[in-house]
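Residue strings, one per chain:
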Amino acid sequence: MSNTSLVNVVAKKGHVVGISKNATALSALCELIWNGFDAQANTVEIELKNNVLGHIENIIVSDDGIGIPHEDVNEAFGNLGESKKLANGLIKGRPPIHGKHARGRFKAFKLGSCVSWETTYSTKGEKFRYKIEGSSNSIMSFQVSSPEKTTNKTGTIVEITNLNNSAYQLRKEQYRDQLTATFACFLTSFPQLSIIFDGLVINPNELQIDTFSKKTFIEIDTDKKIDLEVKIILWSKQWESSIHLCNTGGISYKENKSTGIKSYGYHFSSYITSDYIDFLNAENRLDLEELDEICLALKKEGYRIIQDYFDELHKKKQKAIIIKWQQQNIYPYKEIDSTNLALKAEIELFNELAYAMLSKLADFDSRDVKSKAFTLSLLSQTLKNNPESLQEIFSQVLGLKKSESEAFSDLLTETKLPSIIQTASLITHRCKVLEGLKHLIYSCTKTFKEKQHLHKILEKESWIFDERFSLADSEIGLKRVLTKHIHKLDKKQKKQPDILNGRLDILLHKSLMNGSEKEFLVVELKRPSVKIDDGVALQIKQYAQAIHDDDEYRRIPCRWKFIAVSSKIDSIVENDINQPNKPQGLLTTFGNNMEVLIKTWDEVFYEAESNLLFLKEQLNYSVSEEAAKAHMIKEFPNNIPTTI
């Protein structure tokens, strides 16, 4: 070929060099493959040619496409920006165009400093071939020969010589695997197309364990939706999992690591496909995906679907193992109380640990029944009674490697079993206490006494009135002040009673330190038969003021919350505590550090249940009256009437 001409690149040299420099060996090779398919090739073949020493000497990428017409060479190699490919549109039965910015050919210089394109095209019933040559030393121009007639088949042969260090790694098996993952969705969508790499056909089907796909959409506005489809392939080989952003034809524009996806040991490639991703690529904005709210929403929905898939897959496999253990009668949990949330949390974590751990014990299934039962029982008892020693069990008893033992220990730490069990147990207990108290107060009015029963229960369950006092205690100073003024509430009590003999059983009192300030909670429990009227409200005010003004606490930083609780409130007091300019239930205040409130039991229970509602819903828990009664008898055996 003779009579060469020069094609100059219209762009800044720094930008062109950056395209090559920032590429990887894999991305450079992928661009050359995509160029072949964009040229309507059915097959793209990559050959790694060796020298006499067995090392890669040059790389040849050939395709059977339509070639590059000579009249298009200036546009194809001189123009860096919008490619002429965009104007060609879609061809029926062919994939959409991948390259739209004419940058791919510059990435080839990542593999070697000398690159040539020998291309054959057809025009007016005749075929012509010519050659394009480029060098990284003169990357801003290409030598182009004159076209000559030929009988060759159409297509393009790209030859890369004077290879760079990154090119020598291409023979490693990992690159074949990465090519398979990158083009799997594309080759599945267009099975008539093929890629041959170093003599072997890239066939994703040979390595697939399972496939999954789901079509959905995200709503941008009330009248606008963006469609997307998520495809997942599980691989039989252990290679790095990845998430690809693709157009609807399966062309991968960007590959992300699978960070944030818990795949439970499965190796996978996933593909989030959407026309919007194609739009971002065409606009050259895909590298700024994190700044695009729609793209972020697409990714969020895609990642959610991927994680849901693996969670469901894991649950099915885990469930099958549990059923097998149950059939063998070696599963340590026989009868499961669905209302016991602490036990439920323990079992869920046991299933997770046992399934993950025993999958590492290759001989577990071949062991005798007694040995398997002992292993599972040991794990169950340790988890329940001494979870901190599990790592020792993993390594010394079960013989797991240190890395495996530490992984399971991390799993235990991440799940925070003690917190899970304690939280579930606490919510269960509180729900049952509330339900039990409702029954006692509303249905056992003749036998349930406020001093003998109610006060003793609430002494342990002060969270019902204020969560902050759930772990608070009383103190002798507070008791002394309350006793000193008790006669203001109980006319039968003599003035200035002895502290130990004063009738404080009608008051619930707690104190805590909040920084440098003390906080006091005082609750007066009125008899169910006592309606809080104007006279009772006056007594409450006088008592609260006497406490507030007492010298013992008057000059120290403190805050008081005084609550009077009864079943009924008369209309006059009801009007006083429901004024528009003050909080509901507030009777009065003294200074800026005491509030006096009046509440019915209905209001107390409603507020306490509201505080528990979120966690209760998350735990999907409900309590029956019978379960609540049984719990109250168990927890408060000396404070429950026999007729409950």
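None of these values were measured; they are calculated from a predicted model. (Residues numbered from 1 in each chain as written. Predicted model: local features only at pLDDT ≥ 70, side-chain atom pairs only at ≥ 80, totals over all residues. Heavy atoms only, no water.)

Quick notes on the overall build of the protein
Thought 1: Of the regular secondary structure elements, the protein holds 20 helices and 22 strands.
Thought 2: Across the 644 residues of the protein, 49% fall into the buried class.
Thought 3: Taking the intrachain contacts of the protein between residues at least 6 apart in sequence as the baseline, contacts between residues at least 24 apart amount to 70%.
Thought 4: Split by element, the accessible area of the protein, about 33000 Å² in all, is 48% carbon and sulfur. (Helix = DSSP H or I, 4+ residues; strand = E, 2+ residues; numbered from the N terminus. Buried < 20%, exposed > 50% of the residue type's maximum accessible area, 1.4 Å probe, protein only. Contact = heavy atoms within 4.5 Å. Areas by Shrake-Rupley, 256 points an atom, 1.4 Å probe, with all protein chains shown as cover.)

Regarding the sheet that holds strand β13 (residues 242-246)
Thought 1: Across the sheet, which stays open at both edges, the 5 strands sit in the order β11-β12-β15-β13-β14 with mixed pairing between neighbours. Of all the strands in the sheet, the pair left with one neighbour each is β11 (208-221) and β14 (252-257). Along the sheet, successive strands turn relative to each other by an average axial angle of 20°, direction set aside.
Thought 2: Note: strand β12 (residues 224-235) against strand β15 (residues 267-273), 7 bridges, orientation antiparallel. The residue of β15 that forms the bridge with Lys-231 is Tyr-271.
Thought 3: Packed onto the sheet, helix α8 (residues 293-327) meets β11, β12, β13, β14 and β15 and runs at close to 40° relative to β12. (Pairing = 2+ DSSP bridges. Axes fitted to C-alpha atoms, helices over the stretch in contact; angles between N-to-C directions.)

Overview of the nonpolar core
Thought 1: Core analysis: the biggest nonpolar cluster contains 81 residues, and Ile-59 and Phe-310 have the highest contact counts within it.
Thought 2: Other than its neighbours up to four places away in sequence, Phe-310 contacts Ile-232, Leu-234, Ile-261, Lys-262, Ser-263, Tyr-264, Tyr-266 and Phe-268.
Thought 3: With 35 residues, the next largest nonpolar core counts Trp-463, Leu-521, Ala-627 and Ala-628 among its residues. (Core = buried A, V, L, I, M, F, W, Y, C linked by side-chain atoms within 4.5 Å.)

Quick word on the packing of aromatic side chains
Thought 1: All told, the structure shown has 26 aromatic pairs when counted by the stated rule.
Thought 2: Judged by centre distance (4.5 Å) and plane angle (35°), the rings of Trp-34 and Phe-183 are tilted. Of this pair, Trp-34 sits in helix α2 (residues 25-38) while Phe-183 sits in helix α6 (residues 173-189), placing them 149 residues apart in sequence.
Thought 3: Trp-34 gets classed as buried once you look at its relative accessible area, which sits at 2%.
Thought 4: Look at Phe-183 and you get buried, because its relative accessible area is 0%.
Thought 5: If you follow Arg-105 out to its NZ or CZ, it ends over the ring of Phe-77, 4.7 Å from the centre. (Phe/Tyr/Trp six-rings, centres within 6.5 Å; stacked < 30°, edge-to-face > 60°. Lys NZ or Arg CZ within 6 Å of the ring centre and 35° of its normal.)

Thoughts on the environment of Gly-302
Thought 1: Here Gly-302 shows up in helix α8.
Thought 2: Once the C-alpha coordinates of Gly-302 and Phe-217 are considered, the two residues, 85 residues apart in sequence, prove to be 9.8 Å apart.
Thought 3: Not counting residues up to four positions away in its chain, the partners in contact with Gly-302 are Leu-228, Val-230 and Ile-272.

What about the pattern of salt bridges?
Side chains that differ in sign of charge can pair as their charged atoms come close.
Thought 1: Overall, the coordinates contain 15 salt bridges when judged by the stated rule.
Thought 2: Salt-bridge contacts for Glu-607 lead to Lys-599; the nearest nitrogen and oxygen are separated by 2.8 Å.
Thought 3: Residues Glu-626 and Lys-629 are paired through a salt bridge, measuring 3.6 Å at the closest nitrogen-oxygen approach. A residue pair is termed a helical-turn pair when its members lie 3 or 4 positions apart in one helix, as Glu-626 and Lys-629 do in helix α20 (residues 625-635) at 3 residues. (Salt bridge = Lys/Arg side-chain N within 4 Å of Asp/Glu carboxyl O.)

Side note on the environment of Arg-94
Thought 1: Topologically, Arg-94 is positioned in the loop between α4 (85-88) and α5 (104-107).
Thought 2: It is 9.4 Å that separates the C-alpha atoms of Arg-94 and Leu-193, two residues lying 99 residues apart in sequence.
Thought 3: The residues touching Arg-94, leaving out its near neighbours within four places in the chain, are Phe-37, Gln-40, Ala-41, Asn-42, Phe-190 and Leu-193.

A short note on the side chain of Thr-182
Thought 1: Looking at the secondary structure, you find Thr-182 in helix α6.
Thought 2: There is a polar contact of 2.8 Å between the side chain of Thr-182 and the backbone oxygen of Gln-178.
Thought 3: The residues contacting Thr-182, other than those within four sequence positions of it, are Cys-30, His-244, Ser-252, Glu-255 and Tyr-271. (Polar contact = N/O pair within 3.5 Å; in protein donor to acceptor, adjacent residues only side chain to side chain.)

Digging into helix α16 (residues 534-549)
Thought 1: Here α16 spans 22 Å end to end across 16 residues, near enough to the 22 Å set by a 1.5 Å rise per residue.
Thought 2: When α16 is considered as a whole, its buried residues turn out to be Val-536, Ala-537, Ile-540, Tyr-543, Ala-544, Ala-546, Ile-547 and His-548.
Thought 3: The backbone nitrogen of Gly-535 lies 3.1 Å from a side-chain oxygen of the residue at the head of α16, namely Asp-533. (Expected span 1.5 Å × (residues − 1).)

Side note on the pairing of strand β22 (residues 594-600)
Thought 1: In terms of burial, β22 is a largely internal element, 6 of the 7 residues being buried.
Thought 2: Bridge count between strand β21 (residues 586-590) and β22: 4 bridges; the pairing is antiparallel. Looking at β22, one finds that Phe-590 is bridged to Met-594.

A closer look at the confidence of the model for the protein
A low pLDDT means the predicted coordinates there should not be read in detail.
Thought 1: Averaged over all residues, the pLDDT of the protein is 81; the fraction at 70 or higher stands at 82%.
Thought 2: The model gives residues 491-506 a pLDDT under 50, and that stretch makes 35 contacts with residues more than four places away or in other chains. (pLDDT = per-residue confidence, 0-100.)

Details of the pairing of strand β2 (residues 43-50)
Thought 1: Strand direction decides the pairing type here: β2 and strand β9 (residues 194-197), joined by 4 bridges, are parallel. Pairing of Ile-46 across the sheet is with Phe-197, part of β9.
Thought 2: Where β2 lies against strand β3 (residues 56-63), 7 bridges are found, and the strand directions are antiparallel. Considered in β3, the bridge of Ile-46 is made with Val-61.

Remarks on the packing of α2 against α6
Axes are the key here: two packed helices are described by the angle between their axes and the distance separating the axes.
Thought 1: α6 packs onto α2 with a crossing angle of 40° between their chain directions and a minimal axis gap of 11 Å. As judged from the angle between their axes, α2 and α6 are oblique. The two elements α2 and α6 cross, and the hand of that crossing is right-handed. Residues Leu-26, Leu-29, Cys-30, Ile-33, Trp-34 and Phe-37 of α2 form the contact with α6, whose own contacting residues are Tyr-175, Gln-178, Leu-179, Thr-182, Phe-183 and Phe-186.
Thought 2: When its residues are assigned to classes, the contact of α2 with α6 shows 10 nonpolar, 2 polar and no charged. (Parallel < 35°, antiparallel > 145°, perpendicular 65-115°, else oblique. Left-handed = near helix turned anticlockwise from the far one by under 90°. Nonpolar A, V, L, I, M, F, W, Y, C, P; charged D, E, K, R; others polar.)

Remarks on the packing of helix α7 (residues 275-282) against α8
Thought 1: Their axes nearest at 11 Å, the elements α7 and α8 cross at an angle of 140°. Compared by their axis directions, α7 and α8 come out oblique. As for how α7 packs across α8, the hand of that crossing is left-handed. Residues Tyr-276, Ile-277 and Leu-280 of α7 pack against Ile-294, Cys-295 and Leu-298 of α8.
Thought 2: Of the residues in the contact of α7 with α8, the class split is 6 nonpolar, no polar and no charged.

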